[in-house]
Amino acid sequence: MTTNLIGIHALCWVGGWSPEEARRAIASSKEAGYDLIQLAALDPENFDADMTAKLLQEHDILGDVSLGLSEETDISSEDPDCVARGRELLDTAVRLTRDIGGAYLGGVLFSKLGKYAAPVTERGRANSVESIAWVADRAAEAGVTLGLEFCNRYETNVLNTTEQTLAFIEDVDRPNVMAHLDVYHMNIEEVSFAGAVHAAAAAGRFGYVHLGESHRGALGTGSVPFPEFFAALHDVDYQGVLTFESFSSEVVHPTLSSNLAIWRNTWTDSMQLAKDARAFIRENYGC
Ligand code: MN
């Protein structure tokens, strides 16, 4: 029996988060059949938590938060000022997550979201591990779990695979830090989808799923092996959230869209996209 919560990323609806955009995104997520909306809070300092919390309550839908760090806030940097700014931003994002009534903060929390010109250094990785441990302690006080979303090689140089992520989490050594598996990234980097799922579950660190297609467009129209992935989730009795992510130049976020290299339209009708994805998940995963 599968009872997972099914979420949708806010960028399927809106590029900003004005009260009007927030209302439209939250109401549309509910209308399309989702239990949760994932908010993109790359600038958590300027994100209206009160307005968001009220709208989520009003529409009876859950929220959680995702972000990626920038060059200036990269905790995997060797520059102590940069690391300090990153910790501050993550701490702000933890409080934002709590204040919207959320319990999960995920994404590229461990490095810049973007292409690096060289591998991460030993000192840089250690800075990231120490910083995530510090943020995790702050998050525990706020009732928030951290999800480390490993990404493909063009979007981070710190964590590209499940195996690397589990090793990193072991070094962080905090109970509220989990691996966040995104099939779009896995499709580029993993040897085996089932192997990755089983490894994360065996480590007790399987915290979150992003469902996205190989071209970032409509679910089920690309090359991600969803039958294998969904079967593996059932095998390990995954009980966490599955959030649908898709990006098109139809909906543009000022920084995130270019960080993710969204250069073309993969769809134009958000509601059709969202309803089709929800139906795809129900038919192929079972909830
Ligand atoms: Mn993702």
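Our structure is the block above this text.
Residues numbered from 1 in each chain as written. Predicted model: local features only at pLDDT ≥ 70, side-chain atom pairs only at ≥ 80, totals over all residues. Heavy atoms only, no water.

Peer 1: For this particular structure, what's the right way to read the pattern of salt bridges?
Peer 2: Side chains that carry opposite charge are capable of pairing whenever their charged atoms lie near each other. Scanning the model with the defined rule gives 13 salt bridges in all. For Arg-23, the salt bridge is made with Glu-58, and the minimal N-O distance between the two is 2.9 Å. Highlighted residues: Arg-23 in helix α1 (residues 19–31) and Glu-58 in helix α2 (residues 49–58), separated in sequence by 35 residues. A relative accessible area of 40% places Arg-23 in the partly exposed class. The partner of Glu-245 in a salt bridge is Arg-216, with the nearest N and O atoms 3.6 Å apart. Remark: Arg-216 occurs in the loop between β7 (206–211) and α8 (226–235) and Glu-245 occurs in the loop between β8 (242–244) and α9 (256–259); sequence separation between them is 29 residues. Here the two residues Glu-245 and Arg-216 agree in accessibility, since each one is buried. Each of Asp-91, Arg-95 and Arg-138 takes part in salt bridges that share partners, so that together they form one network. (Salt bridge = Lys/Arg side-chain N within 4 Å of Asp/Glu carboxyl O. Helix = DSSP H or I, 4+ residues; strand = E, 2+ residues; numbered from the N terminus. Buried < 20%, exposed > 50% of the residue type's maximum accessible area, 1.4 Å probe, protein only.)

Peer 1: Is there a simple way to think about helix α3 (residues 80–99) in this case?
Peer 2: Residues lying three or four places apart along an α-helix face the same way, a consequence of the helix completing one turn every 3.6 residues. Along its 20 residues, α3 runs 29 Å from first to last C-alpha, staying within 8% of the 28 Å computed at 1.5 Å per residue. Among the residues of α3, those classed as buried are Cys-82, Val-83, Gly-86, Leu-89, Leu-90, Asp-91, Thr-92, Ala-93, Val-94, Leu-96 and Thr-97. Buried-residue contacts for α3 involve α2, β3 (62–69), β4 (104–112), α4 (122–141) and β5 (145–149). The N-terminus of α3 is capped by Asp-79, whose side-chain oxygen sits 3.0 Å from the backbone nitrogen of Asp-81. Looking one or two residues beyond α3, the residue adopting positive phi is Gly-101, at roughly 90 degrees. (Expected span 1.5 Å × (residues − 1). Contact = heavy atoms within 4.5 Å. Polar contact = N/O pair within 3.5 Å; in protein donor to acceptor, adjacent residues only side chain to side chain.)

Peer 1: Mind showing me how you'd approach the sheet that holds strand β2 (residues 36–40) here?
Peer 2: The strands that make up a sheet are held in pairs by hydrogen bonds between backbone atoms, and each pair lies either parallel or antiparallel. Taken together, 8 strands build a closed barrel; the order of strands is β1-β2-β3-β4-β5-β6-β7-β8 and the barrel is parallel. With direction set aside, neighbouring strand axes in the sheet form an average angle of 30 degrees. Sheet topology places β2 next to β3; 5 bridges connect them, and they run parallel. The residue of β3 that forms the bridge with Leu-36 is Leu-62. Across the sheet, α4 touches β4, β5 and β6 (177–182), and the angle it forms with β5 is around 150 degrees. (Pairing = 2+ DSSP bridges. Axes fitted to C-alpha atoms, helices over the stretch in contact; angles between N-to-C directions.)

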